[in-house]
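Understanding the architecture of this molecule
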Amino acid sequence: MALLSLDHCTKRFGGLVASRDVSIEIAEGEIVGLIGPNGAGKTTLFNCISGHYHPEEGRVEFAGHDISRTRPDRVCHLGIARTWQVVRVFGRMTTLDNVICGSLKRENRLGPARARAEALLAFTGLHGKEDVLAANLTLADKKRLEITRALATRPRLLLLDEAMSGLTATETAEAVELVRRIHSELRLAICVVEHVMEVVMPLSHRVVVLDYGEKIADGPPEDIVRNEQVIKAYLGDHYAGQA
Amino acid sequence: MTTPAAAPARRRGSALGWAAALTGLTVAIVYPIPIQMSGYTYFQTVGFLVFLYAMLGIGWNFIGGLAGQFDFGPNIFLATGAYTAALLAVHFNWSPWLGFVGAILVSVVICALITFPVTKLRGHYFAIATVAMWMIAQPIGATWELINGSRGLFIPMKPATGLGEALITLQFPGRSKGLVYYYIALGLFIATVVLFRTVERSKLGYYFRAIRDDQEGAEAIGIDSRVYKTAARCLTAAVFATGGVVYCFWAQAVFPDQVLEMNWAILPMICTVLGGLGRLWGPLLGAIILIPIAQVMSATLGAGPLAGRGLDVIVYGIIIMGVAAGRPNGLLSLPWARWFGRTPAPGSGRAAAGAVEDAPARR
Amino acid sequence: MTELLQAVVNGLQMGALYALVAVGLAIIWGLMEMVNFAHGEFMMLGMFGAWWLSSTLGLDPLIAMVPIALVMYGLGVVVYTQLMRRVQRGDVFAQIFATVGLLLFLQNTVVAGFTSDYRFVSDTVLARLSGVNIDLFGIRLGLPLLIAGLIGLALFILLYLLIDRTEIGLSLQATSEDREAAMLVGIHPRRMFAMAWGLGAALVAVAGVILANFFSVYPQVGLQFTVLAYAIVALGGFGSILGTLIAALLVGVVQSVTVVYLAPAFKDAFVFGSYLLIGLARPQGLFGRF
């Protein structure tokens, strides 16, 4: 049985249909890339999974629980953590305190929570920056912090929303390396929304493609790059016939 | 957690901080004694008010400073506290110390019941909801028969026969009353400081600040903002209830329009903002500056040919505007606060202190 | 039934005046998101201005509206540029702090200059019309209040058109949504904020001038209107000028009906109770953008 399954989900905002009849499955320990042109509805789907939006139609199921109408904090409790398209950290707290807020979810007392937070910061490469105010971190470090904080809640599924956007080539390579390490050592399922093909394709076991709110392709990366509809969506009809 | 170079610096700073705290405590304890000898109990009352408002300011800091929610109506809990203790004293002859327990319990329960539903309101809407609660409380207070409505509740005057009994009933004759209530206020203030420090460094403190900084982000890491916003307000309610009990026995009577007065909400907030929002010592600093000024001005400018002309309040207003314009983040955000080695928040080291104080708050 | 309708109609008339009181705050707070505890004090200054011009120069309030509006616009601009602009750097609470100081300052300056005595503007055009009623299907509409309400409504509509249809109004809205983006298209945020404060102060002062026809004038009159204005703007919803009007009319009606059918002492309690009920069902107010 899949860890996460979206079943014919539709999300509307007034007259605008952001997601239409989308069905996706993610298995334990799988890395799934979610790609598509801007406005395709990728972040909307993330918000439907994490509980910030509730789909008008369809079901979202995670580890046997129906989370279609669940509050975000409960969704986290069940084991889903996420990062945000525009990076969000608790700016007026230190790096360490940010992560402690995350680890307090699973360790009720401050001592163990702090220890786990420190360990995680070392794991994600932010060691030495524990006392820096989060607002003063570089963008790359803020994203790293966001991920660390999400990991602190011991998720089974991690949703990364454009974690590489705004990063330089070096920073991107380091971020990819981090995601690989997270996957191999912590054994989570990861869903990555990304625009940068060089990142998504090598990283993912499977790729799902959205366009105008609908799923147009779902399969291993090598198949996706040759898929006519995908090429049409990204590059237009002119290139479609040249697959 | 900190680099080796920073650790000794923090230890040294902390030692300075402890020294300052101890000095302050000694001064506070000794302060009223020479006054008592000279007979000018007025200054004890000023001290009493300073610590009372500072305590309320810390109480407000739970919902306003730590959790970052605009609560403009905490005074309703001052009223619930005062009335609970008064009713217990009048009908059941309970001592005020037990009255504290009852007052806090009742106020916290009421707070939880009425606050939880409105936690779904954000920002300014939540603020108006707290004002709404205050507006609804006013006519209730004025007309409710149980608490004697606007006729007020009077604590029966039963002069105590000895110090022991007096300490239980808190009924003191005129001359020593100021002194005793000063120390009660001081003691409760210290207890509130300890409470704040404890909460600040606990899971509650972390969660409050997370909600303050980014509520949605906090929810995404598993924080139920409804529960924790309510919890923060309940802590505020408990402190205000305590203040209400103190006020009730000091004044020996409770009137609805007095305990629900806007001043009980505004003054603690202003003291806190003046000193520094969310800072432990902010409310005390603000209260030490503002309360005596108000009293002194009303004593000097308020008398004489211009009496009743509000000149003292004009000056008060100018001072407040001046501070707001000059140092909007509160006086504790001035760099000299670092001299006293005050560790601003758990985990944030000295390297961060400057950034905390000088970073402009984003809208 | 007629009695209920009468209460509703009276409430609507008051509501129109409340709308004018609240719209200034709707701009400063609802649109530009700046807290102003001294809102009612601007209104009080308008009322005192009307009284003073009437008692010294014999100017009728309906005429005095114009110079008072201009002076108060200037005061609003000064308050922003000298005080609130500096306070914007800090926490929102600093704005509360500053405007409470302003409240204390304004209120007590008036006390110092004029004492707290109650005063009345007498022999006004509207007062001379008192007692003249229009009978509409058994409902009595007092002419003075009707005219006052219509004036308030007219000014409100003018303001709405200004905000919604003119370039200046759009610039105001743009600044409130995203200050930096507004700067990029050549809008001067500081000028926008100053204008918002000027307009806000002028409008509520004019509301005060109109209200001076019916209410006594004294330095402490402002606070109750400040609180009411906040409830109205929040009820109507942030960013919505139209919402402020609807909410104000609603508040007027609730007050009026409460006074007639329930206890007058509870009239404000019911207004705020309604706010809570509506707020729980619709957290962003009736028409709120945010």
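**With respect to the overall build of chain A**
Of regular secondary structure, chain A possesses ten helices and ten strands. Taking 18 Å as the expected radius of gyration for a compact globule of 243 residues, we find that chain A reaches 18 Å, a close match to that expectation. Across its three principal axes, chain A shows a C-alpha extent of roughly 60 × 40 × 35 Å. Residue pairs in contact within chain A that sit at least 24 positions apart in sequence constitute 64% of those at least 6 positions apart. If you sum the accessible surface of chain A, you get close to 10,200 Å²; carbon and sulfur atoms cover 50% of it. The positive charge centre, built from 30 side chains, and the negative charge centre, built from 32, are 6 Å apart in chain A.

**Some words on the nonpolar core**
Within the largest apolar cluster, 241 residues are counted, with the highest numbers of intra-cluster contacts made by Ile 190 of chain A together with Trp 29, Phe 42, Phe 272 and Tyr 275 of chain C. Among the elements that line this core, the one with the most residues is helix 9 (residues 189–211) of chain C, at 16 residues. For Ile 190 of chain A, the contacting residues outside a window of four places in its chain are Glu 30, Ile 31, Val 32, Leu 157, Leu 158, Leu 160, Val 179, Ile 182 and His 183 of chain A. Counting residues in hydrophobic clusters, the runner-up holds 26 residues, among them Val 32, Ile 67, Val 75 and Leu 157 of chain A.

**Notes on helix 4 (residues 110–123) of chain A**
Residues and elements named next belong to chain A. For helix 4, which comprises 14 residues, the first-to-last C-alpha distance of 20 Å matches the rise-based estimate of 20 Å (1.5 Å per residue) to within 8%. Of all the residues in helix 4, the buried ones are Ala 113, Arg 116, Ala 117, Leu 120, Leu 121 and Phe 123. Take helix 4 and look down its axis: the buried residues cluster within an arc of 150 degrees, on one side only. Contacts made by the buried residues of helix 4 are with helix 3 (95–103), helix 5 (139–151) and helix 6 (169–186). Just downstream of helix 4, Gly 125 is the residue with a positive phi angle, here 90 degrees.

**Concerning the confidence of the model for chain A**
For residues with low pLDDT, the predicted coordinates do not support detailed interpretation. Overall, the predicted model of chain A reaches an average pLDDT of 90, with 96% of residues at or above 70. Predicted confidence in chain A is weakest over helix 10 (residues 237–240) of chain A, with a mean pLDDT of 63, and strongest over helix 3 of chain A, with 96.

**Some points on the interface of chain C and chain B**
Chain C puts 54 residues into the contact, and the matching count from chain B is 47 residues. On the chain C side of the interface with chain B, the three residues burying the most area are Phe 93, Phe 97 and Leu 280 of chain C, jointly 18% of the side's total. Where chain C packs against chain B, one counts zero salt bridges. Viewed at the interface, chain B and chain C are joined by two residue pairs in polar contact (both at pLDDT 80 or more). Elements that contribute at least two residues to the side of chain C that touches chain B include exactly helix 3 (61–87), helix 4 (92–114), helix 8 (179–184), helix 10 (222–236) and helix 12 (267–281) of chain C. If you tally residues by element for the side of chain C that touches chain B, the top one is helix 4 of chain C, at 17 residues. Each residue belonging to the side of chain C that touches chain B can be placed in one class, and the counts come to 34 nonpolar, 13 polar and seven charged.

**Here we look at empty space enclosed by the protein**
A full pass over the atoms with the stated rule returns seven cavities of 30 Å³ or more. Put simply, the largest cavity is a space of about 220 Å³. Together, 18 residues line the largest cavity, and Phe 72, Ile 128 and Val 131 of chain B together with Phe 37 and Tyr 230 of chain C are the ones closest to its centre. If you list the elements that add at least two residues to the lining of the largest cavity, you get helix 6 (123–143) and helix 13 (263–275) of chain B together with helix 10 of chain C. It is helix 6 of chain B that contributes the most residues to the lining of the largest cavity, five residues altogether.

**Here's the deal with the environment of Ala 28 of chain B**
All names here are of chain B. Relative to the helices and strands, Ala 28 resides in helix 1 (residues 6–30). Judged by its relative accessible area of 10%, Ala 28 falls in the buried class. Discounting chain neighbours no more than four positions away, the residues touching Ala 28 are Phe 51, Tyr 182 and Leu 186.

**Remarks on the interface of chain B and chain A**
Facing 31 residues of chain B, the contacting portion of chain A comprises 30 residues. A combined buried area of about 2,700 Å² lies between chain B and chain A, and 57% of that area is made up of carbon and sulfur atoms. Along the contact surface separating chain B from chain A lie four salt bridges. Between Asp 224 of chain B and Arg 71 of chain A there is a salt bridge whose closest N-O contact spans 3.0 Å. Counting the contacts that link chain B with chain A gives nine residue pairs in polar contact (both at pLDDT 80 or more). For the side of chain B that touches chain A, the elements supplying multiple residues, two or more each, are helix 9 (203–213), helix 10 (215–220), helix 11 (225–251) and helix 16 (350–358) of chain B. Class assignment for the residues of the side of chain B that touches chain A results in twelve nonpolar, eight polar and eleven charged.

**Some remarks on the confidence of the model for chain B**
Residue and element names in this part refer to chain B. Here chain B shows a mean pLDDT of 81. Residues at 70 or above account for 80%. Segment residues 1–11: pLDDT under 50, and 15 contacts once partners within four positions in sequence are set aside and those in other chains are kept. Interface confidence for the predicted complex, expressed as ipTM, amounts to 0.91; the pTM equals 0.86.

**Describing the sheet that holds strand 5 (residues 65–66) of chain A**
Residue and element names in this part refer to chain A. With antiparallel pairing, the four strands of this open sheet are ordered in space as 2-1-4-5. Because the sheet does not close on itself, it has two edges, and the strands there are strand 2 (16–26) and strand 5. Strand direction decides the pairing type here: strand 1 (residues 4–13) and strand 4 (residues 57–62), joined by five bridges, are antiparallel. If you follow Leu 4 over to strand 4, its bridge partner there is Phe 62.

**Quick look at the environment of Gly 275 of chain B**
All names here are of chain B. Position of Gly 275 relative to the elements: it lies in helix 13. Between the C-alpha atoms of Gly 275 and Phe 208, which are 67 residues apart in sequence, the distance is 20 Å. Discounting chain neighbours no more than four positions away, the residues touching Gly 275 are Gly 282, Leu 285, Gly 286, Gly 330, Leu 331 and Leu 332.

**Here we look at the sheet that holds strand 8 (residues 189–193) of chain A**
Residues and elements named next belong to chain A. The sheet built from six strands is open, its strands ordered 6-7-8-3-9-10 with mixed pairing. Strand pairing shows two members of the sheet lacking a second neighbour, strand 6 (80–82) and strand 10 (214–219), which therefore form its edges. The sheet shows a mean angle of 15 degrees between the axes of neighbouring strands, taken without regard to direction. Both strand 7 (residues 157–161) and strand 8 contribute to a ladder of five bridges, which runs parallel. Within the sheet, the bridge partner assigned to Leu 159 lies in strand 8 and is Cys 191. The strands touched by helix 1 (residues 42–50) are strand 3 (31–35), strand 6, strand 7, strand 8 and strand 9 (206–211); relative to strand 7, the strand with the most contacts, the crossing angle is about 150 degrees.

**Here's the deal with helix 3 of chain C**
Owing to its 3.6 residues per turn, the α-helix brings residues three or four apart onto one side. Tyr 80 of chain C marks the point of greatest bend in helix 3 of chain C, at about 40 degrees. Restricting attention to buried positions, one finds in helix 3 of chain C the residues Pro 61, Ala 64, Met 65, Ile 68, Ala 69, Met 72, Gly 76, Val 79, Tyr 80, Leu 83, Met 84 and Val 87 of chain C. Packing partners of the buried residues in helix 3 of chain C comprise helix 15 (311–326) of chain B together with helix 2 (39–57), helix 4, helix 6 (143–165) and helix 9 of chain C. Where helix 3 of chain C begins, the side chain of Asp 60 of chain C points an oxygen toward the backbone nitrogen of Leu 62 of chain C, at a separation of 2.9 Å.

**Considering the pairing of strand 1 of chain A**
Residue and element names in this part refer to chain A. Summarising the sheet, strand 1 and strand 2 pair through seven bridges and their orientation is antiparallel. Each residue of the ladder has a partner; that of Leu 6, found in strand 2, is Ile 24. Between strand 1 and strand 2, which pair antiparallel one after the other, the connecting turn spans two residues, and Gly 14 there sits at a positive phi close to 60 degrees.

Reading the values: the criteria
- Residues numbered from 1 in each chain as written.
- Chains lettered and ligands numbered in written order.
- Predicted model: local features only at pLDDT ≥ 70, side-chain atom pairs only at ≥ 80, totals over all residues.
- Heavy atoms only, no water.
- Helix = DSSP H or I, 4+ residues; strand = E, 2+ residues; numbered from the N terminus.
- Rg over C-alpha atoms; globule rule 2.2 N^0.38 Å.
- Contact = heavy atoms within 4.5 Å.
- Areas by Shrake-Rupley, 256 points an atom, 1.4 Å probe, with all protein chains shown as cover.
- Lys, Arg positive; Asp, Glu negative; His and termini not counted.
- Charge placed at Lys NZ, Arg CZ, Asp CG, Glu CD.
- Core = buried A, V, L, I, M, F, W, Y, C linked by side-chain atoms within 4.5 Å.
- Buried < 20%, exposed > 50% of the residue type's maximum accessible area, 1.4 Å probe, protein only.
- Expected span 1.5 Å × (residues − 1).
- Arc of directions from axis to C-beta.
- pLDDT = per-residue confidence, 0-100.
- Buried area = accessible area lost by both parts, 1.4 Å probe.
- Salt bridge = Lys/Arg side-chain N within 4 Å of Asp/Glu carboxyl O.
- Polar contact = N/O pair within 3.5 Å; in protein donor to acceptor, adjacent residues only side chain to side chain.
- Nonpolar A, V, L, I, M, F, W, Y, C, P; charged D, E, K, R; others polar.
- 1 Å grid on protein atoms, 1.4 Å probe; cavity = no way out; pocket = protein on both sides within 12 Å on 5 of 7 lines; lining within 4 Å.
- Points joined across faces, edges and corners; volume = space filled by probe spheres on them.
- Pairing = 2+ DSSP bridges.
- Axes fitted to C-alpha atoms, helices over the stretch in contact; angles between N-to-C directions.
- Bend = angle between axes of the 7 residues up to and from the residue.

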